[in-house]
Amino acid sequence: AQKLHLLRHNVLSFVSSRTGSDLTRRQYDVIVVGGGHAGTEAAAAAARLGAETLLITQKIMTIGALSCNPSLGGVGKGQLVREVDALDGLCGRAGDSAGVHFSILNRSKGPAVWGPRAQLDRERYRQFIQSELLSTPRLTVLEGSVDELLVSQPNPEEPGHHRVTGIRLGNLPQTSHNKLGEFWPIPPDRAGVTESVDGSHPILSSSVVLTTGTFLSGSLFMGQTTSPGGRMGDAQSCAGLSYTLKETLGLRVGRLRTGTPPRIVKESVDLSLAQLQAPDKQPTPFSFLNTHTRCKPEEQLPCYLTHTTPGVERVVRESVHLNCHIQQDAKGPRYCPSIESRVLRFPGRRHQVWLEPEGLTSDLLYPQGLSMTMPPELQLRLLREIPALHRAEIRTPGYGVQYDFVCPTQLTPSLQVKSTQGLFLAGQINGTTGYEEAAAQGLWAGVNAGRTALSLPPMALSRTQSYIGVLIDDLVGRGVTEPYRMFTSRAEFRTYLRPDNADLRLTPRGFEEVGCVTLRRYKKAVSVRDGLQEALMALQSVALSSTRWREKLGNISLSENKSTTLNGLDLLQYKDVSFEMLASAFPECLSQYFEYSQRLKIEAVYRPHCEKQSREMERIRSEESLSLPSDMDYLSLPVSLSQEVREILDRVRPNTLGAATRLPGMTPAGIIHLLNYVLRTG
Ligand code: FAD
């Protein structure tokens, strides 16, 4: 309650600078339901686009809350954060503001698959997101719980097709600072007064984005206890919302689960028995707008690594019958499994446990790898089987959550429900797991909700252009059978979809075509693009024979003949040649580009491969009308295609290559194999 009071205080200065805003209006261009990672990006993106937007969430205090791990990014996920940032989203800058331990994962591999990651200070992250939303023009935040979607049937001859017209609020579960219909920002003359709205009164909008996370018919599990809830301390989403989705709109809904570990009192941990994991000496910001992070290099906190023991396995086995969550059918996250699943699937193994800081001033540690749902007293017994945790004290026990998700094959690539005009879904409700996946979908759903409200056509991102495109294409094309998380291996064009060039790939389009990027960011990206282009031309303009290069740069190993002429860009592809070496050999034309040295090196290394892929894409485009034989035996075609794609092709039997490319689940790599096969045999 005290923090809420402080927030209100902060809100007032904002409101006074935002004269003329109608805080009690009953119609908005876009309504976003849920203030989690998807909802905050969706609301901010729709407002950036120019749509008058209302964000409704159960508790304003939890806007920007990290439900589980205090970290952002990682392999595949870091790429998503960079792309959200390139489209002017929030999470990258929030990560730079809240990070307390930055590291690039996967450094032993090529830079295309490096994974920028940071441990976060929970409070700083939440504060950043909340203050960003507060300073976003055209965005109003309302504390409330949406109980019903209002829909109409536009055409009686199209049963099952609907159009969303708004929402109806329900009764908020009464918790310490939940008050029905409290508007935020609060008008200055109502400071300290609770604004209340008649819950049954509708709020109208032609675009609604649902981002209810783990809250839709959410149930919490700990030991043998089950209770309704979306997250510990938070009520589940109103039942009416599930009813609208399932019964009124007839959407197919599935059930998934996830869990979180106990939080441990740092002082009770013997860190001398764990292995110290230092952060990178120089933190790498997530955001293209930042040159440094809020946390100084020397202020960063370490993480620690320890391992499970046979005692851990024993406690898990002894407690299985007391653990409701693991006996449920709903699928859990395969790549972030509970300790129960790990131990039962891989008996006798030693499992890693990372002890991670929860923030700069927090007295807690987050034991990554120890998500568990057994009774609290057994959680404590389990922890104490690990030497570094032999005197551990638990502040809050681990628990599990089970929730409804909407099968995402019912969505279009703009994340709109196919059968309901104006209704968009994003985040965990679509069967994904993770903040980054939620943020990426939220941004794109917000863009399209805004565009729809402003009578602009929806837009899609292709999987050749971005990881966001890969994520959405996978969801709407293939659906999910378990919580979906991003990996670099999911992106066929990963040598092009790199974290270093997300601004060049997305920012200009975000400004020129989509409308979600501000002028400031656009100007920065254009200046970088022009600078890089100039630098690449300058590199190509310095050409020497390999013998002369060797003389100039010292003893570098070049595979080319002595007489072969190589330009600077060719040379930069060699592992032991850096831009700095070339610039010192040709200072007059290269030294002015020092600021781009790392990006130039990466560009040079991947350029030949990206050019090959781009030629292949061009081939696909030019062969769109190529006929596919009607009697083709797709199931046994001797080319590399997944079984899933073979079955789709066999069932649909597309007439042309172009028709095949548009099939859900069809990947560019699959199309290339098909094209080569037909040309070879036809
Ligand atoms: P959320 O962040 O869940 O936000 C949903 C928001 O919607 C909330 O603010 C809620 O109050 C609001 N809301 C819901 N219904 C209504 C309504 N009717 N009206 C108004 N507001 C509403 N991710 C991982 O990657 N790895 C993990 O191990 C992991 N473990 C998790 C464990 C637990 C216990 C929980 C709760 C989550 C876990 N997550 C994990 C998931 C991670 O928190 C989510 O992926 C991410 O937060 C999803 O973002 P979102 O925006 O879709 O939903």
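Residues numbered from 1 in each chain as written. Predicted model: local features only at pLDDT ≥ 70, side-chain atom pairs only at ≥ 80, totals over all residues. Heavy atoms only, no water.

Asks: Describe the overall build of the chain, and please don't skip the residues or the numbers.
Replies: The helix and strand tally for the chain stands at 21 helices and 25 strands. For 682 residues, the compact-globule formula gives about 26 Å, and the C-alpha radius of gyration of the chain, at 27 Å, lands near that figure. Looking at the 682 residues of the chain, the share that counts as buried comes to 58%. Just so you have it, the chain exposes about 28000 Å², and 51% of that area is on carbon and sulfur atoms. Counting 75 positive and 68 negative side-chain charges, the chain places the averaged centre of each group 3 Å from the other. (Helix = DSSP H or I, 4+ residues; strand = E, 2+ residues; numbered from the N terminus. Rg over C-alpha atoms; globule rule 2.2 N^0.38 Å. Buried < 20%, exposed > 50% of the residue type's maximum accessible area, 1.4 Å probe, protein only. Areas by Shrake-Rupley, 256 points an atom, 1.4 Å probe, with all protein chains shown as cover. Lys, Arg positive; Asp, Glu negative; His and termini not counted. Charge placed at Lys NZ, Arg CZ, Asp CG, Glu CD.)

Asks: Describe the site of the ligand, and please don't skip the residues or the numbers.
Replies: As a matter of local geometry, the ligand sits amid 34 residues, with Ala-38, Val-146, Ser-237, Gln-428 and Gly-434 nearest to it. A distance of 2.9 Å is found between an oxygen atom of the ligand and a backbone nitrogen or oxygen belonging to His-37. About the coverage of the ligand: the protein hides 98% of its 980 Å² of free accessible area. Among the elements of the structure, α2 (37–49), β2 (53–57), β7 (145–152), β14 (253–260), β21 (399–406) and α10 (435–453) are those that each provide at least two residues to the shell around the ligand. Per-class residue counts for the shell around the ligand are 12 nonpolar, 21 polar and 1 charged. (Near = heavy atom within 4 Å. Polar contact = N/O pair within 3.5 Å; in protein donor to acceptor, adjacent residues only side chain to side chain. Nonpolar A, V, L, I, M, F, W, Y, C, P; charged D, E, K, R; others polar.)

Asks: Lay out the side chain of His-101 with the relevant residues and their values.
Replies: Within the element layout of this structure, His-101 appears in strand β4 (residues 99–105). Only 2.7 Å separates the side chain of His-101 from the backbone oxygen of Leu-301, close enough to count as a polar contact. If we ignore the near neighbours within four places in the chain, the residues touching His-101 are Arg-117, Ala-118, Gln-119, Gln-277, Ala-278, Pro-279, Gln-300, Leu-301, Pro-302 and Cys-303. (Contact = heavy atoms within 4.5 Å.)

Asks: Outline the sheet that holds strand β13 (residues 225–228), supporting the account with residue identities and numerical values.
Replies: Pairing is antiparallel across the open sheet formed by 4 strands, whose spatial order is β13-β12-β21-β14. Only two strands of the sheet have a single neighbouring strand rather than two, namely β13 and β14. Adjacent strand axes in the sheet meet at a mean angle of 25° when their direction is disregarded. Inspection of the sheet shows strand β12 (residues 219–222) paired to β13 by 4 bridges, in the antiparallel sense. Bridged to Met-222 within β13 is Thr-225. (Pairing = 2+ DSSP bridges. Axes fitted to C-alpha atoms, helices over the stretch in contact; angles between N-to-C directions.)

Asks: Now, about the layout of surface pockets: what can you tell me, with residues and values included?
Replies: Approximately 1300 Å³ is the volume found for the second largest pocket. Around the second largest pocket, the lining comprises 44 residues; the ones closest to its centre are Ser-462, Arg-463, Thr-464, Gln-465 and Met-617. Of all the elements in the fold, those that place two or more residues in the lining of the second largest pocket are α11 (467–478), α12 (502–514), α13 (519–541), α18 (597–622) and α21 (668–681). Top element by residues in the lining of the second largest pocket is α18. It accounts for 10 residues. A per-class count over the lining of the second largest pocket returns 20 nonpolar, 12 polar and 12 charged. (1 Å grid on protein atoms, 1.4 Å probe; cavity = no way out; pocket = protein on both sides within 12 Å on 5 of 7 lines; lining within 4 Å. Points joined across faces, edges and corners; volume = space filled by probe spheres on them.)

Asks: Outline the nonpolar core, listing residues and values.
Replies: In this structure, Leu-149, Ile-167, Leu-245, Leu-423, Trp-444 and Leu-674 are the most contacted members of the largest nonpolar core, which totals 129 residues. With 10 residues, the top contributor of residues to this core is α10. Excluding its chain neighbours within four sequence positions, the residues that come into contact with Leu-674 are Leu-628, Met-632, Tyr-634, Leu-637, Leu-649, Leu-657, Ala-660 and Met-666. Within the second largest apolar cluster, 28 residues are counted, among which are Leu-569, Phe-579, Ala-583 and Leu-590. (Core = buried A, V, L, I, M, F, W, Y, C linked by side-chain atoms within 4.5 Å.)

Asks: Could you give me a rundown of the environment of Leu-382, with the residues and numbers involved?
Replies: Turning to its location among the elements, Leu-382 is positioned in helix α9 (residues 376–383). Taking the C-alpha atoms as reference, Leu-382 lies 9.5 Å from Leu-370; in sequence the two are 12 residues apart. Residues within four places of Leu-382 in sequence aside, it is in contact with Val-312, Val-315, Val-316, Ile-339, Leu-370, Met-372 and Met-374.

Asks: So what's going on with the packing of helix α3 (residues 77–86) against α12? Residues and values would help.
Replies: Two numbers describe how α3 lies on α12: the axes approach to 8 Å, and their chain directions differ by 35°. The crossing of α3 and α12 is right-handed. In contact with Arg-82, Glu-83 and Ala-86 of α3, α12 contributes Ala-502, Asp-503, Arg-505, Leu-506 and Thr-507. Class assignment for the residues of the contact of α3 with α12 results in 3 nonpolar, 1 polar and 4 charged. (Left-handed = near helix turned anticlockwise from the far one by under 90°.)

Asks: Break down unusual backbone geometry for me, with residues and values.
Replies: Positive phi, normally seen in glycine, also occurs at Ser-217, with a value near 50°. Along the chain, the position of Ser-217 falls in the loop between β11 (207–210) and β12.

Asks: Can you break down the pairing of strand β17 (residues 303–307) residue by residue, with the values?
Replies: Most of β17 is tucked away: 5 of the 5 residues are buried. With burial as the criterion, each face of β17 is covered, one bearing Cys-303, Leu-305 and His-307 and the other bearing Tyr-304 and Thr-306. Sheet analysis places strand β16 (residues 275–277) next to β17, joined by 3 bridges and oriented antiparallel. Bridging across to β17, Leu-276 finds its partner in Tyr-304. For β17 and strand β18 (residues 352–357), the ladder comprises 4 bridges, and the chain directions are antiparallel. When the bridges of β18 are listed, Thr-306 appears paired with Val-353.

Asks: Describe the packing of α13 against α18, naming the residues involved and giving the relevant values.
Replies: Contact geometry of α13 with α18 gives a least axis separation of 11 Å together with a crossing angle of 65°. Here α18 runs roughly perpendicular to α13, going by the angle between their axes. When the axes of α13 and α18 are compared, the crossing they make is right-handed. Contact residues: α13 offers Val-528, Leu-532, Ala-535, Leu-536, Leu-539 and Gln-540, while α18 offers Arg-599, Leu-600, Glu-603 and Arg-607. (Parallel < 35°, antiparallel > 145°, perpendicular 65-115°, else oblique.)

Asks: Tell me about the pattern of salt bridges, and please be specific about residues and values.
Replies: Taken as a whole and assessed by the stated rule, the structure comprises 36 salt bridges. Between Arg-607 and Glu-611 there is a salt bridge, with the nearest N and O atoms lying 4.0 Å from each other. Taken together, the residues span about one helical turn, with Arg-607 and Glu-611 both in helix α18 at a distance of 4 residues. Residue class for Arg-607 comes out partly exposed when judged on its relative accessible area of 23%. A network of salt bridges, in which partner residues are shared, links Arg-463, Asp-473, Asp-474, Arg-478 and Glu-492. (Salt bridge = Lys/Arg side-chain N within 4 Å of Asp/Glu carboxyl O.)

Asks: I'd like a description of the pairing of strand β8 (residues 162–170), backed by residues and values.
Replies: Bridge count between β7 and β8: 7 bridges; the pairing is antiparallel. Following the sheet pairing, Ser-152 is matched in β8 by Arg-163. Here β8 pairs with strand β10 (residues 202–204) via 3 bridges, running antiparallel. Its bridge partner lying in β10, Gly-166 is registered against Leu-204.

Asks: Go over the confidence of the model for the chain, please, and point to the residues and values.
Replies: On average, residues of the chain score 88 in pLDDT, and 92% of them reach the 70 mark or higher. In the model, residues 1–23 has pLDDT below 50 throughout and makes 41 contacts with residues more than four positions away in sequence or in other chains. For residues 174–198, every residue scores under 50 in pLDDT, and the model assigns this stretch 76 contacts once sequence neighbours within four places are set aside. Both scores are given for the predicted complex: the pTM is 0.89, the ipTM 0.98. (pLDDT = per-residue confidence, 0-100.)

Asks: With reference to specific residues and values, describe α13.
Replies: Its 23 residues give α13 an end-to-end C-alpha distance of 33 Å, which sits within 8% of 33 Å, the value for a rise of 1.5 Å per residue. Among all positions of α13, only Arg-521, Tyr-522, Ala-525, Val-526, Val-528, Gly-531, Leu-532, Ala-535, Leu-536, Ala-538 and Leu-539 are buried. (Expected span 1.5 Å × (residues − 1).)

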